[in-house]
Structure formats: C-alpha cells, structure tokens
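# Survey of secondary and tertiary structure
For reference, the chains in residue letters:
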Amino acid sequence: MIRWLLMLIGGALLGGVVHLATIFILPRTADHDAYSRLASIAPVNTVVAVPLPTPEKAAMPFMDPAYASAICRYDLSQGPLKLTVPVSLAYTSVSFYTRRDVAYYAINDRSAGRRAIELDLMTAEQHGELPEDENVTAADRLIVESPTLTGLIAIRALAPEPELMATTQAAIAGAQCKKLEDFKPED
Amino acid sequence: MLLVAAIVGLGGTYISLTRGQGFSTLSIGPWTAWPKTGTTDIDPYAQAAIARLGRLPIALGDGVEFLARADDKGRLLDGRCDVELTGVTPAARYWTLTLYGANGELVANSVKRYGFTSQEILRRADGSFQITIAPRASPGNWLPTGGVERYMLALRFYDTSIGISTKEGREVPMPTLSVRSCP
C-alpha cells in the first residue's frame, strides 16, 4: 500500500518536472509560431505587406482586420538596419519581436512625433561599436537595441473605416528596412 | 510511476496551454487582458501558448488586448443568440472590437463585417454606445456572428495608458455583455 502511494507521489513529482520542461521547451521547438509562419512569406531584411485576414485565410490567428500590416523579418548578422515608416492618417505603430515572438519594443506615430517613424536597429554589441562622433551628432537619432540577431518588425496602421483601408495600405507600402550602410537618404 | 508522470506532466501542459494565456491577468467583468504578454516580462506559460497558437502578442507600447469568451453571467458566448455590448470604454486614442471563432479566425458573414473601430460606431449623446452581436441584421451597430456556436470578442485599445499596474476600477470602465434573447 505504502509502496503504491510512494510511486504515485513520485509519479506526480516527476510529472511536475515533465510539465515545466515541456512549457519551457515548447517555444523553442514550435514550428508553427508566428516567426516560422511569416518566414515563408517574408524574405530577410525587406518590408513585405501582410495580406488582410479573411475568414478563409490569415497569416496568423487573432489578426486585427482594421489594420493594414507589413513585416520586416530581420537579420542583424551583416550589420545594423535602418527602418523608415511613413505615418498614415490615423494611427501607425511599429513593434519589435525577438526570434521567439517576444515583444521587446514598440513605438507609434505620436511618440515618434514626425511625418515618418525613423530608427536604427542594432544589437547591443553593434551599438557599442558605433564611432563616438556618430553617437554624438545623432542626438535625435533613435537607436533600438535588439536582444537577438534575428527577429520581426511588425508595421501596423489603422484604417478607422473600411473605406480607408486602401489609402492606409498605400501609406505603409513606402516603409523600408535596409542595411544601414546601403541606405541613401531621399532628400 | 512513469505513466503517472506522463499523464500529470503532459496533461498539465496541455490544459494550461488550451485554457489560459499565463499569469498576471487583468480581469474586468467578462473581459481579461494579459498586459505583461506584450513585454519581455512575458511568463513562460504565455510564451508557450503564443508559440502554439502562432500569433504575435500586441506589444504593450502599442496597445492592450482584452478577450471575452463569456457574458457577464459567465455563459459562453453563443453565435445563435442576440448579445448586447453596452457602455463606455477606457481612455485610448483608438479601440477596435473584433469577433473571432474558436481558433482566432474571423467568422464569415454576409456583410463581411468582422468588427468595429471606435470611429465607425454610432454613439448616444453621452458618448456611450451599444453594439448588437447577433446572427441576424439589427438596427444600429450590428456585429454579425455568422451563427457560429462559440465565438470570442477581442477589444483592443491602442495608444492607451492601460498597463501592467492597471487595476480594475473607475479608470477602466469596460462595456457589459448581456444576452438579450436566445432561440
């Protein structure tokens, strides 16, 4: 009797370990997570429009149908990136996710306070390697540090009414994410 | 012993991933939000649930998402019933309301309406509003259910001060959800 009870308790304890192990390992092994899903439509270091969700088809579950969205799947191993997003008429936001889909930073048109959201994305190491003078002259330059070499940038703009969706999509179609050294200012 | 371990361990994982989305919830009436899920402080349970669903959480700097699967009385939302969403919302630059099926997919309907934004809604003089969530057309703000058995509602607030330290109270007046009639 006691032997059975001990085995039951032992089993439950071991079960707890199994449970915690699976919870922690799952995000690392999931091949249907958002990053993997988007990898099939998004080449590296390019902004790609994400199709509007429909009942039949959506790039991800729980997408907000009132938003036009675009994705830049980034890889910083070749150097920092520059991101520019024209601001649409209502509300535009840019959210940053690690390779494991953890949101680590977000900015919107109001906090950017300009006609376009402009920032440089780099790792902490790349930030540390920036020449001193570049850091100083660019006092108004927004630098975002990515905790991982790869990840996702989600660009989203609200169409307050369905009739405004086409205009909203057109507004963020001008978004760019490019290697910092390849970037040529338009003006 | 190993059998018990497998049942407890994997069963526990399955239940926690299908039922919940992690700890540190903000529950107001039938609405629940997980503000920490949009930050690097996300707990491992929420992260596992998100990886399994294959979605991207809303970053906290962007907005906060509230989900409701049941009405004010705790009855699961049924697309064959007429449900009224009534009241006011907490302060935010914009909000959107979206109806999803059991797996986070949009629900097909004849008018291709999947939700509302704060700008399209018809309001009363005092700023409050009512949305009728029903299978058949209804005057005013009508959100079609497509007649599905189970659905959930997502109310998302963008550019808002709702955050990790927000508590239930006067600053977050969430609309009520009540069943008006059921066939």
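Residues numbered from 1 in each chain as written. Chains lettered and ligands numbered in written order. Predicted model: local features only at pLDDT ≥ 70, side-chain atom pairs only at ≥ 80, totals over all residues.

Quick look at the overall build of chain A now. Each helix and strand in chain A was counted, giving 6 helices and 9 strands. Against the 2.2 N^0.38 benchmark of 16 Å for 187 residues, chain A shows a C-alpha radius of gyration of 21 Å, more extended than a compact globule. Along the first, second and third principal axes, the C-alpha set of chain A runs to 80 × 50 × 30 Å. Expressed as a percentage of the 187 residues in chain A, the buried residues total 39%. Of the contacts made within chain A by residues no fewer than 6 positions apart, 71% connect residues no fewer than 24 positions apart. (Helix = DSSP H or I, 4+ residues; strand = E, 2+ residues; numbered from the N terminus. Rg over C-alpha atoms; globule rule 2.2 N^0.38 Å. Buried ≥ 20, exposed ≤ 12 C-beta atoms within 10 Å, placed from the backbone. Contact = placed C-beta atoms within 7 Å.)

For chain B, per-residue confidence averages 89 on the pLDDT scale, and 93% of positions sit at 70 or higher. ipTM for the predicted complex: 0.88, alongside a pTM of 0.88. (pLDDT = per-residue confidence, 0-100.)

Further remarks concern the interface of chain A and chain B. Often the size quoted for an interface is simply the accessible area lost on bringing the parts together. In this assembly, 50 residues from chain A lie in contact with 49 residues from chain B. Secondary structure elements with two or more residues in the side of chain A that touches chain B: helix 1 (2-29), helix 2 (34-39), strand 4 (91-98), strand 5 (103-108) and strand 8 (150-158) of chain A. Counting residues per element, the side of chain A that touches chain B draws most heavily on helix 1 of chain A, which supplies 16 residues.

Residues and elements named next belong to chain A. Here helix 6 (residues 165-172) has its buried residues at Thr168, Ala171 and Ile172. Seen along its axis, helix 6 keeps its buried residues to an arc of 85°; they face one direction. The elements touched by buried residues of helix 6 are strand 2 (67-75), strand 3 (81-86), strand 4 and strand 8. (Arc of directions from axis to C-beta.)

Residue and element names in this part refer to chain B. We note that lysine 112 has phi near 55°; this positive angle belongs to a residue other than glycine. With respect to the helices and strands, lysine 112 occurs in the loop between strand 5 (92-100) and strand 6 (115-117). The exposed category is assigned to lysine 112, around which 12 C-beta atoms lie within 10 Å. In this structure, aspartate 159 takes a positive phi of about 55° despite not being glycine. Relative to the helices and strands, aspartate 159 is located in strand 9 (residues 152-160). Accessibility expressed as a C-beta count within 10 Å gives 19 for aspartate 159, which makes it partly exposed.

On to the sheet that holds strand 2 (residues 31-33) of chain B. Residue and element names in this part refer to chain B. Read from one edge of the open sheet, 6 strands run 1-2-3-9-5-6, paired in antiparallel fashion. With one partner strand each, in any of the chains shown, strand 1 (26-28) and strand 6 form the two edges of the open sheet. Each neighbouring strand pair of the sheet contributes to a mean axis angle of 20°, computed without reference to strand direction. Relative to strand 6, strand 5 is paired through 3 bridges, and the arrangement is antiparallel. Each bridged residue has a counterpart across the sheet, and for threonine 98 the counterpart in strand 6 is glycine 115. (Pairing = 2+ DSSP bridges. Axes fitted to C-alpha atoms, helices over the stretch in contact; angles between N-to-C directions.)

A few words on the sheet that holds strand 4 (residues 82-87) of chain B. All names here are of chain B. Read across the sheet, 4 strands follow the order 8-7-4-10 without closing on themselves; strand pairing throughout is mixed. Looking at which strands have only one partner, the edges of the open sheet turn out to be strand 8 (141-144) and strand 10 (176-181). For this sheet, the mean angle separating the axes of adjacent strands, direction not counted, is 25°. In this sheet, strand 7 (residues 129-134) lies alongside strand 4 in antiparallel orientation, the contact comprising 5 bridges. If you follow glycine 87 over to strand 7, its bridge partner there is phenylalanine 129.

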